[in-house]
Amino acid sequence: MSTSDREALAASATATATPSEAAPESPPDYVLTGDTARILVVDDEKVIREILADFLSMEGYVVHAVEDGATALEELKRRSYNLVISDLKMPKMGGLDLIQKIAEESIPVLTVIMTGFGTVETAIEAMKKGAYDYILKPFKVEEVIHIVQRGLDRQRLQHENIRLKDALSIYKISEAIATSLSVETVLDLVLEATIDTVDADVVSLLLEEPKQEGRFTERMRKVSERADPGMGAPALNFDEVLPLFKEDRPLLVSGSRAYRYIASPPHDLEKRLVSFCSIPLKLNQRIIGMLNAYSYTRGNKFSEGQRKMLYVLASRAAFSIENARLYENLVDANKDLTTANVSLEENFKQTIIGFAHALEESDRYTRGHSERVAMYARLIAIGLGMSGPEIDTVVKVGLMHDVGKIGVRNDKLNKPGKLTPEELAMFRSHPAKGKRILEPIPFMRDIVPGCYCHHEAWDGSGYPQGLMGDRIPLIGRVVAIADAYDAMTSDRAYRKALPHEIACGELERCTGSQFDPEIVPVFLAQIEEFRRLEAAAGRLIPR
């Protein structure tokens, strides 16, 4: 820029604005907010610094100016900035070296290079090292403002895309949490999602101690990959935190203000807390836990949008944790009772069966399905010449084969149209869910193979394991035929019940592909004899 140009711009600037370098400095714990963009101007010529600072200030930006790259780097380590405008040639550290240092330090800021040389090679070199754009001297202030606005718009769009991805992730995790019956699994999912969503260094989840209202202890903690694996989560000052939660006030603070809510703030400046967010887990207005996120990474301040997403996650987690606790308590209590009194095994079995039946009763399309499958499976077991205990096990599998649907949303599946891939995957998860429900119950382990494998196919095309032929447990092959027959001869949301003859024809057609070729003939003979006896007794049978 020529001397006359500088003088003209300087005169214009001083007539309309006060130099921003005269403004008071921000406090050391200042962290960038989402409302005001901060710009760092780096040039060894004071008049250029002042001109750019004045005009950018008039555009509503917070501007700070320094005279060389080394000073700029120190400033970037102290405070967060959106954008850096740097001269190419300066004493101590030039613009290209500054860009390289910014990349090495992983400082999240856009950079724009100013050069008076105007060569294409210089611009290309700056872009290769990470510069967003470049400005050729002499420049017009309007062009600089345009480049700044374009860069900040791009930055905002990137942040919005990240927030949208985070929101989608939160939704998917929430669905997984809602169907989990394990407290540990819920906690693990919540903390993994929290680290991914807010890019925290440490996250922790505190739960209220049973029968000790108001006393919270850490149940699980996770540390990000970039942090020290042994990094702890600071203990909270509950005298400050709980009153906020009871008033439904958000807890999102940064810098030194965060230490008001920490029981023992660290004295080590290297572990200085940059940002802190804590979300209550509430159930019926009772605080049952807290989800905490800590950032020690320079420039990584949690946003209000991230806090809101964590609030949604914590809300879903509170209900799931309570449900999982109730379920685990039920399982544990019944385990103790079964060891004390064998007769209670049958009571617990009937409770679970009743639970499965209650699930079917809520859906008119599956009402009575398990009893009918158990009945048809019993006919096959008798036809195969199984022993009395083996027949009893087959009947139990028939009654319990769909218990995993406790964790499946039927309202998504009972629709006239074709299932989406996501809905199909959700439906196909029920054998595995049933396995996880039944395995912890000692006296139900003998029915796990049948419940887990009743959707396997003779040719290996089934699920969840893709087993083939005799590798499929016999009890699973038996229930698969009974299940298919009842499904075909019952009304469904997507079709009316098929006649008996057509259902039998489908079983024959799929013999050797979906069904065991030795069991299908046994079932067909047994079902015909059963229908004959039922008709003779005057009882209703499928048409």
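To keep things clear, this report deals only with the structure shown in the data block. (Residues numbered from 1 in each chain as written. Predicted model: local features only at pLDDT ≥ 70, side-chain atom pairs only at ≥ 80, totals over all residues. Heavy atoms only, no water.)

1. A closer look at the overall build of the protein chain
Reasoning step 1: Secondary structure assignment for the protein chain yields 19 helices and 10 strands.
Reasoning step 2: Put simply, the protein chain has 543 residues, and 48% of those count as buried.
Reasoning step 3: Nonlocal contacts in the protein chain, meaning residues at least 24 apart in sequence, comprise 64% of its contacts between residues at least 6 apart. (Helix = DSSP H or I, 4+ residues; strand = E, 2+ residues; numbered from the N terminus. Buried < 20%, exposed > 50% of the residue type's maximum accessible area, 1.4 Å probe, protein only. Contact = heavy atoms within 4.5 Å.)

2. Side note on the pattern of salt bridges
Reasoning step 1: Enumeration over the complete set of coordinates arrives at 25 salt bridges.
Reasoning step 2: The residue Arg-79 makes a salt bridge to Glu-75 at a minimum N-O spacing of 2.8 Å.
Reasoning step 3: Since its relative accessible area comes to 4%, Arg-79 is described here as buried.
Reasoning step 4: Its relative accessible area of 5% is what places Glu-75 among the buried residues.
Reasoning step 5: A salt bridge links Glu-240 to Arg-260; the nearest nitrogen and oxygen atoms lie 3.0 Å apart. (Salt bridge = Lys/Arg side-chain N within 4 Å of Asp/Glu carboxyl O.)

3. Topic: empty space enclosed by the protein
Empty space among the atoms can be located by rolling a probe the size of a water molecule over them.
Reasoning step 1: Evaluated as defined, the whole model comprises one cavity of 30 Å³ or more.
Reasoning step 2: Space inside the largest cavity adds up to approximately 40 Å³.
Reasoning step 3: What lines the largest cavity is simply Glu-456, Trp-458, Ile-472, Arg-477, Ala-480, Gln-514, Phe-515 and Asp-516.
Reasoning step 4: Of the residues contributing to the lining of the largest cavity, the split by class is four nonpolar, one polar and three charged. (1 Å grid on protein atoms, 1.4 Å probe; cavity = no way out; pocket = protein on both sides within 12 Å on 5 of 7 lines; lining within 4 Å. Points joined across faces, edges and corners; volume = space filled by probe spheres on them. Nonpolar A, V, L, I, M, F, W, Y, C, P; charged D, E, K, R; others polar.)

4. Looking at the sheet that holds strand β7 (residues 216–223)
Reasoning step 1: With respect to topology, five strands assemble into an open sheet ordered β7-β6-β10-β9-β8, the strand pairing being antiparallel. Both outer strands of the open sheet, β7 and β8 (251–254), are each paired with one neighbouring strand and no more. For this sheet the average axis-to-axis angle between neighbouring strands, irrespective of direction, equals 15 degrees.
Reasoning step 2: Bridge count for strand β6 (residues 202–208) against β7 is seven bridges, and the pairing is antiparallel. By the bridge assignment for β7, Leu-206 is matched with Glu-218.
Reasoning step 3: Along the sheet face, helix α7 (residues 183–198) touches β6, β7 and β10 (286–295) and points at about 55 degrees away from the line of β7.
Reasoning step 4: Contacts from helix α8 (residues 238–246) reach β6, β7, β8, β9 (275–283) and β10, with the element oriented near 115 degrees to β10. (Pairing = 2+ DSSP bridges. Axes fitted to C-alpha atoms, helices over the stretch in contact; angles between N-to-C directions.)

5. Focus on the packing of aromatic side chains
Reasoning step 1: A complete count under the given rule lists five aromatic pairs for this structure.
Reasoning step 2: Centre to centre, the rings of Tyr-485 and Phe-523 are 5.2 Å apart; their planes meet at 65 degrees, and the pair counts as edge-to-face. Within this pair, whereas Tyr-485 is found in helix α17 (residues 474–488), its partner Phe-523 is found in helix α19 (residues 520–536), the two being separated by 38 residues in sequence.
Reasoning step 3: Stacked on the ring of Tyr-81, the Lys or Arg Arg-38 has its end atom at 4.4 Å from the ring centre.
Reasoning step 4: A cation sits over an aromatic face here: Lys-435 above Tyr-452, 5.2 Å from the ring centre. (Phe/Tyr/Trp six-rings, centres within 6.5 Å; stacked < 30°, edge-to-face > 60°. Lys NZ or Arg CZ within 6 Å of the ring centre and 35° of its normal.)

So, to be careful, I would describe these as geometric facts and stop short of saying anything about function.
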